[in-house]
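# Observations on the three-dimensional arrangement
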Amino acid sequence: MPIPSRGLTEDDRKLIELARRIVDANTDGDQGIHTMGAAVRAVDGSMYGGINLYHFLGGPCAELVALGHARASGARELTTIVAVGNEGRGPVGPCGRDRQILFDYHPGIRVILPTEKGIRSVRITDLMPLAARWTVDEGTQEFDPSLFD
């Protein structure tokens, strides 16, 4: 099933640059192979950044730190998110946990990631075609029955 994507806008490029600056300024150095920076854009155009706290036991991904930064700053409606690896690795797609959290909290958000057509943005809902959405009020939602034969 092809996933619809779109080319980057100037605002998307600025978001990538913010994430790149964050990871370049705060990488864990030569041993920081897992260091990631992230940036998220709110509906009003404000941008918020974050960096992961890598630990072999796990830790918050850069995307989640950026989401927390936006939330702590009062941003509730987010439009786009990107994570960028250190050492010039460029944009990287979100892990499964991050995809589910983005899907649950921001189902309209676009994710910037590498595709066969280059760096593009896709809707989180297109990255999670059979996901079951979770909400605080209703818990895990049922699958859309129209998706099945």
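Provided above is the structure to which this section pertains.
Note that the coordinates shown come from a computational prediction; the quantities given were computed from them, not determined experimentally.

### Points about the nonpolar core
Ranked by size, the top nonpolar core spans 22 residues in total, and within it Val-40, Leu-78, Val-111 and Ile-124 carry the most contacts. Looking at this core, the elements that each hand over two or more residues are β1 (36-42), α2 (62-72), β3 (78-85), α3 (96-105), β5 (110-115) and α4 (124-127). Here Val-40 is in contact with Leu-15, Ser-46, Met-47, Tyr-48, Ala-66, Leu-67, Ala-70, Leu-78, Thr-80, Ile-81 and Ile-109, once residues within four sequence places are set aside. By size, the runner-up hydrophobic cluster in this structure holds 11 residues, among which are Leu-15, Ile-16, Leu-18 and Ile-112.

### Describing the pairing of β3
Of all eight residues that make up β3, seven are buried, and the element is covered over most of its length. Judged from the seven bridges that link them, β1 and β3 form a sheet pairing that is antiparallel. Bridging from a neighbouring strand, Gly-37 pairs with Val-84 of β3. In the sheet, β3 pairs with β5 via three bridges, with the strands oriented parallel. Across the sheet, residue Val-82 finds its bridge partner in β5, namely Ile-112. The pairing of β3 with strand β4 (residues 90-92) spans three bridges and is antiparallel.

### Side note on the packing of aromatic side chains
Enumeration according to the criterion identifies one aromatic pair in this entry. Each ring, one from Tyr-105 and one from Trp-134, has its centre 6.2 Å from the other, and the planes form 50 degrees; the classification is tilted. Placement of the pair is Tyr-105 in helix α3 and Trp-134 in strand β7 (residues 134-135), with a sequence separation of 29 residues.

### So, α2
Considered for burial, the residues of α2 that qualify are Ala-62, Glu-63, Ala-66, Leu-67 and Ala-70. Along α2, the residues classed as buried sweep out an arc of 140 degrees about the axis, all on the same side. Looking at the buried residues of α2, the elements they touch are β1, β2 (47-51), β3 and α3. Count one or two residues on from α2 and you reach Gly-74, which has phi positive near 95 degrees.

Quick notes on the rules
- Residues numbered from 1 in each chain as written.
- Predicted model: local features only at pLDDT ≥ 70, side-chain atom pairs only at ≥ 80, totals over all residues.
- Heavy atoms only, no water.
- Core = buried A, V, L, I, M, F, W, Y, C linked by side-chain atoms within 4.5 Å.
- Buried < 20%, exposed > 50% of the residue type's maximum accessible area, 1.4 Å probe, protein only.
- Helix = DSSP H or I, 4+ residues; strand = E, 2+ residues; numbered from the N terminus.
- Contact = heavy atoms within 4.5 Å.
- Pairing = 2+ DSSP bridges.
- Phe/Tyr/Trp six-rings, centres within 6.5 Å; stacked < 30°, edge-to-face > 60°.
- Arc of directions from axis to C-beta.

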